[in-house]
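Next come the chains, spelled out residue by residue.
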Amino acid sequence: MNTQTTLPGTQQAAAGARAATRPDAAAIEAWLVDYLADRLGRDRSEIRRTERFERMGVDSLAVVSMTGELEEWLGRKVEPTLAYDHPTVQDLAAALAG
């Protein structure tokens with residue numbers, strides 16, 4: 001059996017399976033709200049989806065930690081700078097879902 005001819009199909013199937021289970025923006029928003037409420041010691045209802053991370057008290061160290069945990073949950077690389085380019089729960093979730 002030639003692995004070179006079967007490997008691309010296997011990679012495509014794996015990519016398709018990941019895409020099929022990829023969380024949507026609402027699921028990512030919910031994860032971010034839970035994460036931030038826990039880390040900031042707030043109730044979920046206090047986390048505003050359109051408030052900038054820095055106004056919530058999320059510093060650069062917290063962003064690195066958050067994106068690292070997002071990587072684990074999503075199963076793909078999440079650059080910390082993405083949270084600066086998309087500085088709210090709503091914006092970051094949309095970018096990650098897109």
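Cut-offs used in this document
- Residues numbered from 1 in each chain as written.
- Predicted model: local features only at pLDDT ≥ 70, side-chain atom pairs only at ≥ 80, totals over all residues.
- Heavy atoms only, no water.
- Salt bridge = Lys/Arg side-chain N within 4 Å of Asp/Glu carboxyl O.
- Helix = DSSP H or I, 4+ residues; strand = E, 2+ residues; numbered from the N terminus.
- Buried < 20%, exposed > 50% of the residue type's maximum accessible area, 1.4 Å probe, protein only.
- Expected span 1.5 Å × (residues − 1).
- Contact = heavy atoms within 4.5 Å.
- Axes fitted to C-alpha atoms, helices over the stretch in contact; angles between N-to-C directions.
- Parallel < 35°, antiparallel > 145°, perpendicular 65-115°, else oblique.
- Left-handed = near helix turned anticlockwise from the far one by under 90°.
- Nonpolar A, V, L, I, M, F, W, Y, C, P; charged D, E, K, R; others polar.
- Core = buried A, V, L, I, M, F, W, Y, C linked by side-chain atoms within 4.5 Å.

Participant: Please give an account of the pattern of salt bridges that cites residues and values.
Facilitator: Going through the model one piece at a time under the given rule, you end up with six salt bridges. Measuring nitrogen to oxygen at the nearest pair gives 2.3 Å for the salt bridge that ties Asp34 to Arg44. Here the residue Asp34 occupies a position in helix α2 (residues 25-40), and Arg44 occupies one in the loop between α2 and α3 (53-56), the gap between them amounting to 10 residues. Residue classification places Asp34 among the partly exposed positions, given a relative accessible area of 38%. Of the residues examined, Arg44 reaches a relative accessible area of 40% and is grouped as partly exposed. One connected set of salt bridges, linked through shared partners, spans Asp38, Arg39 and Glu69.

Participant: Mind laying out α2, listing which residues take part and the relevant values?
Facilitator: Relative to the 22 Å expected for 16 residues at 1.5 Å per residue, α2 spans 22 Å between its end C-alpha atoms, a close match to the ideal helical length. Within α2, the full set of buried residues consists of Ile28, Glu29, Trp31, Leu32, Val33, Tyr35, Leu36 and Ala37. As for α2, its buried residues are in contact with α3, α4 (60-74) and α6 (89-97). At the exit of α2 stands Gly41, carrying a positive phi of roughly 65°.

Participant: Break down the environment of Val33 for me, citing the residues and quoting the values.
Facilitator: Among the structural elements, Val33 can be located in helix α2. If we ignore the near neighbours within four places in the chain, the residues touching Val33 are Arg44, Ile47, Arg49 and Val89.

Participant: I'd love a proper account of the environment of Ala94, names of residues and values included.
Facilitator: Assignment of secondary structure puts Ala94 in helix α6. Residue classification places Ala94 among the partly exposed residues on the basis of a relative accessible area of 43%. Distance from Ala94 to Glu29, taken between C-alpha atoms, is 8.3 Å for residues 65 residues apart in sequence.

Participant: Let's hear about the packing of α2 against α6: which residues, and what values?
Facilitator: α6 packs onto α2 with a crossing angle of 135° between their chain directions and a minimal axis gap of 8 Å. With respect to α6, the axis of α2 lies oblique. Judged by the sense of rotation from one axis to the other, the crossing of α2 with α6 is right-handed. Contact with α2, carried on its side by Ala25, Ile28, Glu29, Leu32, Val33 and Leu36, involves Val89, Gln90, Leu92, Ala93, Ala94, Leu96 and Ala97 of α6 and no other residues of that element. Within the contact of α2 with α6, the residues separate by chemical class into 11 nonpolar, one polar and one charged.

Participant: Help me get a handle on the nonpolar core, residues and values and all.
Facilitator: One finds Leu32, Leu36, Phe53, Met66, Leu70, Val89 and Leu92 to be the most contacted residues of the largest nonpolar core, which totals 21 residues. Elements supplying a minimum of two residues to this core: α2, α3, α4 and α6. Per-element tally for this core: the top contributor is α2, with seven residues. Those residues in contact with Val89 that sit more than four places away from it in its chain are Glu29, Leu32, Val33, Leu36, Ile47, Arg49, Glu51, Phe53 and Met56.

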